[in-house]
Amino acid sequence: MTNDAFLDYVPVEQARAMSGLRVAFVRGVPGVWGIAIKAILDMKGIEYIAVPHEPGGANLLLKEWTGQTSAPVAMFNDDRPRPHWSEMLALAEQLQPEPPLIPENEDERMAMFGLCHEICSEDGFGWNLRLLLLSANDTTVDERSNALRAKYRSPVSNDYARRRVSAIISSLAGVLDRQTIEGKRYFMGDNLTAADIYWAAFSNLLVPMAENLCTMPDFVRDTGLFAQRLLETPLPQILLDHRDYVVREHFRIPIAF
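Quick caveat, the model's predicted, so the values are computed rather than measured.

Conventions we followed
- Residues numbered from 1 in each chain as written.
- Predicted model: local features only at pLDDT ≥ 70, side-chain atom pairs only at ≥ 80, totals over all residues.
- Heavy atoms only, no water.
- Core = buried A, V, L, I, M, F, W, Y, C linked by side-chain atoms within 4.5 Å.
- Buried < 20%, exposed > 50% of the residue type's maximum accessible area, 1.4 Å probe, protein only.
- Contact = heavy atoms within 4.5 Å.
- Helix = DSSP H or I, 4+ residues; strand = E, 2+ residues; numbered from the N terminus.
- Polar contact = N/O pair within 3.5 Å; in protein donor to acceptor, adjacent residues only side chain to side chain.
- Phe/Tyr/Trp six-rings, centres within 6.5 Å; stacked < 30°, edge-to-face > 60°.
- Lys NZ or Arg CZ within 6 Å of the ring centre and 35° of its normal.
- 1 Å grid on protein atoms, 1.4 Å probe; cavity = no way out; pocket = protein on both sides within 12 Å on 5 of 7 lines; lining within 4 Å.
- Points joined across faces, edges and corners; volume = space filled by probe spheres on them.
- Nonpolar A, V, L, I, M, F, W, Y, C, P; charged D, E, K, R; others polar.
- Patch = residues over 30% accessible without salt bridge, like charges linked within 9 Å, V, L, I, M, F, W, Y side chains within 5 Å.
- Areas by Shrake-Rupley, 256 points an atom, 1.4 Å probe, with all protein chains shown as cover.
- Salt bridge = Lys/Arg side-chain N within 4 Å of Asp/Glu carboxyl O.
- Lys, Arg positive; Asp, Glu negative; His and termini not counted.
- Charge placed at Lys NZ, Arg CZ, Asp CG, Glu CD.

Draft legend 1. Structural detail: the nonpolar core. Among the nonpolar cores identified, the biggest contains 74 residues, and Phe-187, Tyr-198 and Phe-251 are the most heavily contacted of them. Among all residues touching Tyr-198, those that are not within four sequence positions of it are Ala-36, Ile-40, Trp-85, Leu-89, Cys-116, Ile-119 and Cys-120. With nine residues, the next largest nonpolar core counts Val-10, Trp-65, Val-73 and Met-75 among its residues.

Here's what the structure looks like:
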């Protein structure tokens, strides 16, 4: 695909008056939570209105509507805002059950949500990697950096964050190793699940995808390279190969916002 992959944004005040599903994305930036929910909606063929979150902006109208100054956040009709990855995933499954991205088997369902939590949630892969990046840029005094540090302030040390990211990477690689031995392609069973999608998205924080897979500003790619130096632990090839396979086979590419 060409640049028609970029989203057509509808202004906040206009989108707020509309019905159906509206999703706020960071305009022009492939944020990892945004990459994931966009892929989920695209795979399921769910129609949605893209609403712009302006990076570095006050986003006052968005906050007034959704209660959030960050993105993504999903608004469906007059329902409550859904800013959490698990809320947006559940809504997508409710709106369009096919293809299923949450296993029907309860044991597999619990295991998959455990993987997703370690990738996406507080104290997980993305969270601790972000803490490392914000701490490393502690001398940066621009308004946006200061706001991010205040928003995501944490009492944990850099060593703790580094250990958590490394431990999660090791565990995810172990899961794929065991799956490969059994002749299986994905994290859970024989089928694509949300765990594969979230890993594909979040791996971009550490090893940015090729430009033909994901269009991104230079600073995003540079941040990934900086994160690699901070972590001091290379990403196992099996995780990169899995990411690229999932993106090529299941995502609408190039990923663009």
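Draft legend 2. Just the side chain of Ser-203, in detail. The residue Ser-203 is located in the loop between helix 9 (194–202) and helix 10 (218–231) in this model. Reaching out from Ser-203, the side chain makes a polar contact with the backbone oxygen of Ala-200 at a distance of 3.0 Å. Excluding its chain neighbours within four sequence positions, the residues that come into contact with Ser-203 are Phe-125 and Arg-243.

Draft legend 3. View of helix 4 (residues 85–95). Along helix 4, the positions that sit buried rather than exposed are Trp-85, Met-88, Leu-89, Leu-91, Ala-92 and Glu-93. Tucked inside the fold, the buried residues of helix 4 contact strand 1 (21–26), helix 2 (32–44), strand 3 (73–76), helix 5 (106–120) and helix 9.

Draft legend 4. The arrangement of the packing of aromatic side chains in detail. Under the definition given, this model contains seven aromatic pairs. With centroids separated by 5.4 Å and ring planes inclined at 65 degrees, the aromatic side chains of Trp-85 and Tyr-198 adopt a geometry described as edge-to-face. Note that Trp-85 is positioned in helix 4 and Tyr-198 in helix 9, a separation of 113 residues in sequence. Per residue, the accessibility class of Trp-85 equals that of Tyr-198, and both read buried. Through a chain of ring-to-ring contacts, the aromatic side chains of Phe-25, Tyr-48 and Phe-257 assemble into a single cluster. In this structure, Arg-130 is placed above the aromatic ring of Trp-127, and the distance from its NZ or CZ to the ring centre is 4.8 Å. Geometry around Tyr-245 places Arg-185 over its ring, the cationic atom sitting 3.8 Å from the centre.

Draft legend 5. Highlighting empty space enclosed by the protein. All chains considered together, the criterion is met by two cavities of 30 Å³ or more. Put simply, the largest cavity is a space of about 50 Å³. Taken together, Leu-21, Val-23, Ile-37, Leu-41, Ala-74, Met-88, Leu-91, Ala-92 and Leu-95 make up the full set of residues lining the largest cavity. At the level of secondary structure, the elements contributing two or more residues to the lining of the largest cavity comprise strand 1, helix 2 and helix 4. Take the lining of the largest cavity: its biggest share by element is four residues, from helix 4. Each residue belonging to the lining of the largest cavity can be placed in one class, and the counts come to nine nonpolar, no polar and no charged. Its boundaries defined by the atoms lining it, the second largest cavity holds a volume of some 30 Å³. Here the residues of the lining of the second largest cavity sort into four nonpolar, no polar and three charged.

Draft legend 6. Quick look at a negative patch on the surface. A grouping of Glu-106, Asp-107, Glu-108 and Asp-190 is seen on the molecular surface, where their side chains present a negatively charged patch. Looking at where Glu-106 falls in the secondary structure, it is placed in helix 5.

Draft legend 7. Up close: the side chain of Asp-196. Within the secondary structure layout, Asp-196 lies in helix 9. Put simply, Asp-196 is tucked away with no salt bridge, and the nearest opposite charge, on Arg-185, sits 8.9 Å away. When neighbours within four sequence positions are excluded, Asp-196 is seen to be in contact with Tyr-186, Phe-187, Asn-191, His-242 and Val-246.

Draft legend 8. Representation of the pattern of salt bridges within the structure. Overall, the coordinates contain 12 salt bridges when judged by the stated rule. Measuring nitrogen to oxygen at the nearest pair gives 2.9 Å for the salt bridge that ties Arg-80 to Glu-87. The salt bridge partner of Glu-118 is Arg-164, with a shortest N-O separation of 3.1 Å. Taken as a pair, Glu-118 in helix 5 and Arg-164 in helix 8 (residues 158–181) lie far apart in primary sequence, 46 residues in all. Classification of Glu-118 by relative accessible area gives partly exposed; the value is 28%.

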